[in-house]
Amino acid sequence: MMDSEEGQAIAATRIAECSEDGSTDLDLRRLQLSTVPGSLAQLTALERLNLGGNQLTVLPEWLGNLTALTELNVAGNQLSVLPESLRNLTALTVLNVASNQLTVLPESLRSLTALESLGLYGNRLTVLPEWLGNLTALTDLNVAGNQLTVLPESLRNLTALEALDLAGNQLTVLPESLRNLTALGWLDLYDNRLTVLPEWLGDLPALTGLNLDGNYLTALPESLRRLIDVD
């Protein structure tokens, strides 16, 4: 198994190579890194950065200087907060902060209006902020495996959303706001606490996939029978 010292050496080599050849793609995943190498700050042309599966507890503020980034993956670390400087990464279309220890989302993320995919699964979120509805370019939102009991009304604004994963939370009802998600093709509600479903759910015009396993449903709206095999 790789140790931290070996991982740091590999990271340093990859960063140097990236600097020399002008690559815009840098993969530093699973290198047992506990800190982000400072030399990475010089790679201001970087477009895709993968820091997933390390041992990071904080991200440096200078990460916000890498304004060419379109994809950032920091999933599978030990992050409890995200730096405010992420607000500067306005070119980001993909942000994956899954499988960390986040309890809140910083206000800074509301600036990332180009985001198309946001991975928040496997954290410790109890609420989603209302400003999430400002990210109207989102087509894929994954908040599975958190501790959500309600959803913000502002989700009604995410009319480009095609996939929404809410599995493994503590939802008891679905808000009326979700009926605005007319582009939604996949909705995962696995392992929540739902006892009833709204009739309008089956009327979402693009919906072709729905996972309801692990809830407490005693009956389903007639409108859903086109999507689900009911015994």
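Structure: above.
All of these numbers come straight from a predicted model, not from anything done at the bench. (Residues numbered from 1 in each chain as written. Predicted model: local features only at pLDDT ≥ 70, side-chain atom pairs only at ≥ 80, totals over all residues. Heavy atoms only, no water.)

1. Here we look at the nonpolar core
Which entries qualify depends on this criterion: The criterion is simple. A nonpolar core is a set of buried Ala, Val, Leu, Ile, Met, Phe, Trp, Tyr and Cys residues joined through side-chain atoms within 4.5 Å. Exposed residues in this analysis have more than 50% of their type's maximum accessible area, buried residues have under 20%, and partly exposed residues fall in between, with area computed by a 1.4 Å probe over protein chains only. Starting at the N terminus, helices and strands are each numbered in turn, a helix being any DSSP run of H or I of at least four residues and a strand any DSSP run of E of at least two. Only heavy atoms enter the contact rule, under which two residues are in contact if any of them lie within 4.5 Å.
Counting residues in each nonpolar core, the largest one holds 66 residues, and the members touching the most others are L49 and L141. Sort the elements by how many residues they give to this core and helix α1 (residues 4-21) lands first, with 3 residues. Filtering out sequence-adjacent residues up to four positions away, L49 remains in contact with L26, L40, L63, L66, L69, E71, L72 and N73.

2. Comments concerning the environment of L155
With respect to the helices and strands, the residue L155 is situated in the loop between β6 (140-142) and β7 (163-165). Along the backbone, L155 and G64 are 91 residues apart, and their C-alpha atoms lie at a distance of 26 Å. Apart from residues no more than four positions distant in its own chain, L155 is found in contact with L132, L178 and L181.

3. Let's talk about the pattern of salt bridges
Heads up, the condition is: Salt bridge, as used here, is a side-chain nitrogen of Lys or Arg placed within 4 Å of a carboxyl oxygen of Asp or Glu.
Overall, the coordinates contain 7 salt bridges when judged by the stated rule. Between E47 and R48 there is a salt bridge; the shortest N-O distance is 3.5 Å. Among the residues examined, R48 registers a relative accessible area of 26% and is labelled partly exposed.

4. Considering the sheet that holds strand β1 (residues 25-27)
Stated precisely, the cut-off is as follows: Criterion used throughout: strands pair if DSSP finds at least two bridges between them. What counts as an axis is a line fitted to C-alpha atoms, over the stretch in contact for a helix, and the angles between N-to-C directions run from 0 to 180 degrees.
Strands sit in the order β1-β2-β3-β4-β5-β6-β7-β8-β9 across an open sheet of 9 strands; the sheet is parallel. This sheet does not close on itself; its edge strands, each paired only once, are β1 and β9 (209-211). Across the sheet, the mean angle separating the axes of adjacent strands is 5 degrees when strand polarity is ignored. Note that strand β3 (residues 71-73) and strand β4 (residues 94-96) share 3 bridges and pair parallel. Residue pairing across strands places N73 opposite N96, the latter belonging to β4.

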